[in-house]
Amino acid sequence: MSLPSKAEKGQQPAQALPSSTVDIIIGDAVIRTGAEIDEAHLARVIRAVRSA
């Protein structure tokens, strides 16, 4: 016995949406930011994380 597929139920399959976030992993830290972040600000954040 199998379950009905989404198409059989009349549902649309999930669609992947473009992401506007960026995840940067440095050691055990994760920096999650919007893709539109200013380069100078991102550099300051990365330096702060590395020095912590």
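The residue count restarts for each chain, going from 1 along the sequence in the order it is written. Residue-level local features of this predicted model are given only where pLDDT is at least 70; pairs of side-chain atoms are given and counted only at 80 or more, and the full residue set underlies all totals for whole chains, interfaces and linings. The side-chain values count all of the structure's non-hydrogen atoms but skip hydrogen atoms and water molecules.

Q: Got a sec to walk through the confidence of the model for the protein chain? Specific residues and values, please.
A: A residue's pLDDT is the predictor's confidence in that residue, given on a scale from 0 to 100. For the protein chain, mean pLDDT is 83; residues scoring 70 or higher make up 73% of the total. Under the scheme used here, helices are H or I runs from DSSP no shorter than 4 residues and strands are E runs no shorter than 2 residues, and both carry numbers assigned from the N terminus. Predicted confidence in the protein chain is weakest over helix 1 (residues 6–9), with a mean pLDDT of 60, and strongest over helix 2 (residues 39–51), with 95.

Q: Now, about the pattern of salt bridges: what can you tell me, with residues and values included?
A: By definition, a salt bridge exists where a carboxyl oxygen of Asp or Glu is found within 4 Å of a side-chain nitrogen of Lys or Arg. Taken as a whole, this structure holds 1 salt bridge when the rule is applied. A salt bridge links Asp 23 to Arg 32; its shortest N-O distance comes to 2.8 Å. Residue burial is assigned from relative accessible area. The probe radius is 1.4 Å, only protein chains are included, and a residue is buried under 20% of its type maximum, exposed over 50%, and partly exposed in between. Given a relative accessible area of 60%, Arg 32 falls into the exposed group.

Q: So what's going on with the pairing of strand 1 (residues 21–26)? Which residues, and what values?
A: Criterion used throughout: strands pair if DSSP finds at least two bridges between them. Sheet analysis places strand 1 next to strand 2 (residues 29–34), joined by 6 bridges and oriented antiparallel. Counterpart to Val 22 in the pairing with strand 2 is Thr 33. Hairpin connection between strand 1 and strand 2: a loop of 2 residues separates the two successive antiparallel strands, and Gly 27 in this loop has a positive phi of roughly 65 degrees.

Q: Which residues make up the environment of Ser 20, and what are the values?
A: For Ser 20, the location among the structural elements is in the loop between helix 1 and strand 1. You can call Ser 20 partly exposed: its relative accessible area is 47%. C-alpha of Ser 20 to C-alpha of Glu 36: the two residues are 16 residues apart in sequence and 7.8 Å apart in space. Once residues lying within four places of it in the same chain are set aside, the contact partners of Ser 20 are Thr 33, Gly 34, Ala 35 and Glu 36. Contacts were defined at the residue level, with two residues in contact if any of their heavy atoms lie within 4.5 Å.

Q: Can you tell me about the side chain of Thr 33, naming the residues and giving the values?
A: Residue placement: Thr 33 occurs in strand 2. Setting aside residues no more than four positions away along its own chain, Thr 33 makes contact with Ser 20, Thr 21, Val 22 and Leu 42.

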